[in-house]
Structures are given as C-alpha cells and as structure tokens.
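Spelled out, the chains give:
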Amino acid sequence: APQKEHADLTIEVLPTALDPEDKKTLRVRCIQKYDIEGFEPCYLFDEGSAFSWVPCQKKLLTSGPGVRFSSGPETYYDQPVQVLEMDGALGNIAELVYIESHLCNASTNFFGELCRAMLLLEDAPGSDNGTGLMQTLAAFAIRDLYEQKVNAEIPVGSK
C-alpha cells in the first residue's frame, strides 16, 4: 500500500507474536509520525523510551494467550515515528481504564473517556483487542485536530 508512506497515522493489523499457533489473536500497531502540527503521538509511560510491557494479571483480565503492550520510537519508511502496539485481547473491557492510566497524549478530554468509549462499543468486533483501541485513539486524535482548527478560526470574543 503506497499510501502508508504518506500517512500521518497508520494502524497495522498483524497476527499475534504471543503464540505462533494462535490464528485468531491480533497484534495491532499504531504508527504515528512526529512533527505533525497540532498532533502529539500517543505513548505509554515515558516519551522516547522503548519497551515491552505485560500488565499485571491481577489488574487486567485477558483472554487467549494474554496481552502485551509495546511503545517506542522506530523508523517507518525512512521517517521517525512513535509506535504504540497491543498484542492480545482483553477479558474485561472495563479494566482498560488501567491501561488508560498509563497512556500519554491519548487526546482524551477527561480520564476514563477512552474506557467509556470502548465500553459503548463492547459488542463490536475488535472491541476487546488492539483494533478497537487504536481506532478509538485515532478518532480522539482526529477530534482533537478538528477542535484545534475550529477554535483557531473563531475570532476571540465571538463565542
């Protein structure tokens, strides 16, 4: 797909790396370019750090082979990018609030908004895995960019 090279945010859906025999579980990568006006890439814990994280099973129920998150800078089509990855599936979407507490630059308006949005669609395909999570993060980023543009165009005092 030649357009991927020019996208500011790309969501890649791949087979899980947790269990080579598992053909159902997905690994989903949110690839975000740096230096986009009005956009700050989403990451886990510490900006610029690269790591893999398996959340405590007492705090996050999972299904299938479990869940692993990764976050860090990479190079994608010769461009520096920030990648946020989820490999696996959640067992209880309400517990996503635990992950949300460790996300930075998620473009949410309040803590818990990401979890709430995911719960509204909990019966939709992908709601328990990275496809739903990354699409929701992308939607929040688009909303944030839109609101910045609209607010920039409204003269002060005209609201």
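See above for the structure.
This section reports on the structure supplied with the text. Residue numbering note: each chain is counted from 1, following its sequence as written. With pLDDT at 70 or above as the cut-off, local features in this predicted model cover only qualifying residues; side-chain atom pairs require 80 or more to be listed or tallied, and sums for whole chains, interfaces and linings still use all residues. Here the side-chain values reflect all heavy atoms present in the structure, with hydrogen atoms and water set aside.

## Comments concerning the packing of aromatic side chains
In this analysis, rings of Phe, Tyr and Trp, with Trp reduced to its six-membered ring, are considered paired at centre separations within 6.5 Å, and the interplanar angle assigns stacked below 30 degrees, edge-to-face beyond 60, and tilted for intermediate values. Summed over all chains, the structure comprises 5 aromatic pairs. Consider the rings of Phe45 and Trp53, whose centres lie 4.9 Å apart with planes at 85°: the pair is edge-to-face. Here the term buried applies to any residue with accessible area under 20% of the maximum for its type, exposed to any over 50%, and partly exposed to those in between, with areas from a 1.4 Å probe on protein chains only. Classification of Phe45 by relative accessible area gives partly exposed; the value is 38%. On the numbers, 5.9 Å between centres and 40° between planes, the contact of Trp53 with Phe69 is tilted. Here Trp53, found in strand E4 (residues 51-53), pairs with Phe69, found in strand E5 (residues 62-76); they are 16 residues apart in sequence, far enough to count as distant. The same class applies to Trp53 as to Phe69, namely buried. Numbering of helices and strands runs from the N terminus, with a helix taken as a DSSP run of H or I at least four residues long and a strand as a DSSP run of E at least two residues long.

## Considerations on the pairing of E5
Every regular strand shows the same layout, with side chains that alternate between the two sheet faces. Alignment of E4 against E5, held across 3 bridges, turns out to be antiparallel. Among the inter-strand pairings, Trp53 is bridged to a residue of E5, identified as Phe69. The criterion for strand pairing is that DSSP finds at least two bridges linking the strands in question. As paired elements, E5 and strand E6 (residues 79-90) share 12 bridges and run antiparallel to each other. Bridging across to E6, Phe69 finds its partner in Met86. Linking E5 to E6, which pair antiparallel, is a turn of 2 residues; within it Tyr77 sits at a positive phi near 50°.

Honestly, it's all geometry; don't read function into it.
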